[in-house]
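# A structural walkthrough
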Amino acid sequence: MKVPLSWLGKYVPISLPQEELTRRLTMAGTEVGGIIEIGGSWDRDKLLVGRVLKVDRHPNADRLTLPTIDLGKGGTITVVCGAPNVAVGQKIAFAREGSSLYSARSGRQEELKATKIRGILSAGMVCSALELGLGDDHEGIVVLDDEAPVGTSLVDYLGDSILDIEVTPNRPDCLSILGVAHEVAALTGETVTEPDLSYSEADLPIEERVKIEIADPDLCYRYAASVISGVTVGPSPTWLQDALVKAGQRPINNIVDVTNYVMLEYGQPLHAFDLDTLADSMVIVRAARPGEALETLDGEKRVLKPPMLTIADAHDPVALAGVMGGAKTGVSAGTTSILLESANFHPINTRRTAAALHITSEASYRFERSIRAELVPRALKRATRLVLQVAGGEAARGIIDIYPGEIEPPSVGISRARIQQVLGIDLPLDEVEGLLSSLGFERSPGSRSAGKRGTASDVGSEDAMRMRAPYWRSDIAIEDDLVEEVARMVGYDNIPTTMLSTPIPHHEPSPSREFKERIRDLLAASGMQEVISYSLTDQGTLSSVDALTDAPEPLGLANAMSSEMQHLRTSLRGSILKTLASNQRVSQPQGLRLFEIGRVYLPRDEAKERQLPDEKEMLVGVLSGPRFPTSWRAPEGDMDFFDAKGFLESLFEQVGMRVDYEPSSDRIMRPGMAARLVSNGKTVGVVGEIHPRVLDRFDLSQTTAAMFEIDLESLYEAAPRTAGRYAGVSRFPEAERDMALVVDATVTSASIHSIIQRHKLVKYSSPFDLYAGEGIPAGKKSIAYRILFQSRTETLTAEQVSRAQQSILSQLRREVGAELRGPAGDTP
């Protein structure tokens, strides 16, 4: 909401400096997001108010004129002008040579220089709205009011500051200049002067000009109208156009501009109909009939359906209630009689209508936020007065005001006890009443008398009272709403800091939750990205990862939001593969490393009615795409089983767990490329490469992907409960040996690694070569290990290392039938 200070100042004196005013408004909950300065770049000595003394024709051009401008003490000057609307007697904006103006040709600010135009020297310019930055019009000059003082600096006359207020959805009153004025008055102790609503009326009663009916009172709470005859449609006066432009509106004509002006002034949308186009001079507020069509003011033809609310004449819809008017009944240059509409419509129905028809309007934006019905007659009378002022004509006697379900202004209780409970401060009720009264609240009669200290429900208590909300506030419903108003007026920064009334509860540790958070942090630190998906899915996604095979039917929703959210997921696999597919479409050159921690919902085998499913916390990860970014320094290749295994090995090492990888099979994994994760004899998860047929189901056929899935509850139960102990770095050097072993092809590397690591002198071991073929017997393979020996008490000799190596080889020979393939090198 853009609030020009010049407009705001018409209703409330602005006694504070601009910076202090914006600070107070923001601290009181009406946030000022920025300040727009009008005329901030204008040169005070070069942009002036002038008066056109005479207009001569240019001797060398038919479309150019030579106006002579009176600049007051600055004398007179004659310049070349191409505007068609320059005329004798006008007050205009004049720019001297050297002024900085916006150039439509270059699209930027440029210095005005004296130049010859068709042989005549012109050392100045009569300015258009575009050149001054006041609008988009550059065809004609800006014509100022007759009261504009000649010779005055333009920045003093037209300059302004505009507050760009960020309005929260619960405060539609701040979508109006008057609403903000009431806030300013409460913060500064000033009084708001509301506009004059009186106007002269003709003898003919309005009931003889138009008939109005509300057919759907549940969707239209109040409808009021006035009729004005003999209007002259034309451009609005400068003051009206200036106010609208500064507030972000485009002037159209004097009638439409008045409706927009009052909407911005009161926050109540209005609409003007050409009365002569309404069939039988009748207005019926009713729901649309199926298939009815309406051409709206934007030129689009809309097909309507119930319960979209329409304004209709005796035959057809002529406007969308609360959203947009119709083209047929809009005000045009030939309009002479108008019907002004001011109404209050159902907010939810208005929002749904605007959303369904893809229409965004200033009117619907306000109606959606539940503005008060009490605004209707005030805004109507104000608009009627302004139309008579700027367009002439005469108003029919009276207004039609239909209010089927009249609602009393809300009266809400407030007590000292609740203020102290919520804010921690004790305020006398007289002070509370004063703070609320400054915002326009009124105390309900008989709401306070002698009695015991109590709550707002104790109407007879001397420490509680009831307050009635002002006509412009629609957000006051409960006691805490009033407490919030008190806090805003006291000032959040002025509420003293106090100790809590009760001790802070002791921290209740949750080891399982902390373990899950640590897993999440470790995976993110290792380079994986966490994703979050919905707990709801569809059977197609579950069947794509074979989650429905040999499993109970997933739980379905009684009222699903969409076909893709019909069932509670029984597996995270489908969700993360869909996420991988959607991300891979925009990240082709990059590798993706994704993981998700979430619940799956497993129906019980013999579930009773309304029995909840078993919920398991699962971890799933997927890796796909290039292992490294394209570079001459790194080998090309896609991530596979061993990349996923590497992430898991790093994870398990950091949580202090030993996990073995045993060959396994999985419905969605490639044969021979899957392993189950076993810790302390219990399976905690699975890792493997995804089968191509599964990838095809998710449009991932052009890539490989590896996945791991872990039951977090099982992993937590297998994790050590004691923290690791620090061991200092040995002062003695390491000795390195390579050992090439020949074993049966069925022997796993993990079993060999565990035997090697048993020796007390082995610090580290890792396989670095695998070979099967020529020189190796059939059914055998060769695995080479690099072993690092180190003692914590002495420097190892070559003989000690050899004995350790022989001891390890003996163990390998006994347990897995390993034989030494060749001599091991010694690299101390």
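The structure reproduced in this document is the subject of the present report.

Definitions and limits used
- Residues numbered from 1 in each chain as written.
- Predicted model: local features only at pLDDT ≥ 70, side-chain atom pairs only at ≥ 80, totals over all residues.
- Heavy atoms only, no water.
- Core = buried A, V, L, I, M, F, W, Y, C linked by side-chain atoms within 4.5 Å.
- Buried < 20%, exposed > 50% of the residue type's maximum accessible area, 1.4 Å probe, protein only.
- Helix = DSSP H or I, 4+ residues; strand = E, 2+ residues; numbered from the N terminus.
- Pairing = 2+ DSSP bridges.
- Contact = heavy atoms within 4.5 Å.
- Axes fitted to C-alpha atoms, helices over the stretch in contact; angles between N-to-C directions.
- Arc of directions from axis to C-beta.
- Parallel < 35°, antiparallel > 145°, perpendicular 65-115°, else oblique.
- Expected span 1.5 Å × (residues − 1).
- Polar contact = N/O pair within 3.5 Å; in protein donor to acceptor, adjacent residues only side chain to side chain.
- Phe/Tyr/Trp six-rings, centres within 6.5 Å; stacked < 30°, edge-to-face > 60°.

A few words now on the nonpolar core. Residues Y223, I311, L339 and I414 are the most contacted members of the largest nonpolar core, which totals 107 residues. Residue contributions to this core peak at ten residues, all from helix α10 (residues 375-391). The next biggest cluster of nonpolar side chains, apart from the first, holds 31 residues, and it includes L623, A675, V684 and A719.

Across a sheet, paired strands are connected by hydrogen bonds in the backbone, their directions being either parallel or antiparallel. Here we have seven strands laid out as an open sheet, ordered β30-β33-β34-β38-β37-β36-β35, and mixed in their pairing. Of all the strands in the sheet, just β30 (529-530) and β35 (660-663) have a single pairing partner and so form its edges. Bridging between strand β36 (residues 669-679) and strand β37 (residues 682-690) involves seven bridges; their strand directions are antiparallel. By the bridge assignment for β37, M669 is matched with I690. Packed on one face of the sheet, helix α14 (residues 511-525) meets β30, β33 (592-602) and β34 (614-624) and runs near 160 degrees to β33. In this fold helix α16 (residues 573-584) packs onto β33, β34, β37 and β38 (705-711), with an angle of close to 150 degrees to the strand it touches most, β33.

All of the buried residues along helix α20 (residues 749-758) are I752, I755 and I756. With its buried residues spanning 100 degrees around the axis, α20 presents them on a single face. Contacts from the buried residues of α20 go to β39 (735-744), β40 (762-771), β41 (780-789) and α21 (798-816).

This next bit is on the packing of helix α12 (residues 429-438) against helix α13 (residues 479-490). What describes two packed helices is the angle between their axes and the distance between those same axes. At a minimum axis distance of 9 Å, the contact between α12 and α13 shows a crossing angle of 85 degrees. Comparing the axis directions of α12 and α13 gives the class roughly perpendicular. From α12, V432, L435, L436 and S438 reach across to α13, where they touch L482, E485, V486, M489 and V490.

In this model helix α17 (residues 641-654) runs 20 Å from its N-terminal to its C-terminal C-alpha over 14 residues, within 8% of the 20 Å that 1.5 Å per residue would give. If you check which residues of α17 are buried, you get F641, D643, A644, F647, L648, L651 and F652. The distance from a side-chain oxygen at the start of α17 to the backbone nitrogen of F642 is 3.1 Å, and the residue carrying that oxygen is D640. G656 occupies a position one or two residues after α17 and carries a positive phi of about 75 degrees.

Under the counting rule described, the total for this entry stands at six aromatic pairs. Seen in terms of ring centroids, W239 and Y261 are 5.6 Å apart; in terms of plane orientation they differ by 90 degrees. Their pairing is edge-to-face. Of this pair, W239 sits in helix α6 (residues 238-246) while Y261 sits in helix α7 (residues 254-266), placing them 22 residues apart in sequence. Take W239: its relative accessible area is 24%, and that puts it in the partly exposed class. With a relative accessible area of 2%, Y261 lands in the buried category. On the numbers, 5.5 Å between centres and 55 degrees between planes, the contact of F515 with Y716 is tilted.

This next bit is on the environment of I348. Summarising the element assignment, I348 is placed in helix α8 (residues 347-356). The exposure class of I348 is partly exposed, given its relative accessible area of 40%. A sequence separation of 229 residues divides I348 from G119, and the C-alpha atoms of the two residues are 65 Å apart.

Looking at chain direction, strand β7 (residues 100-103) and strand β8 (residues 108-111) are connected through four bridges and run antiparallel. Among the inter-strand pairings, S103 is bridged to a residue of β8, identified as R108. Adjacent in sequence and paired antiparallel, β7 and β8 are bridged by four residues, among which G107 carries a positive phi angle near 80 degrees.

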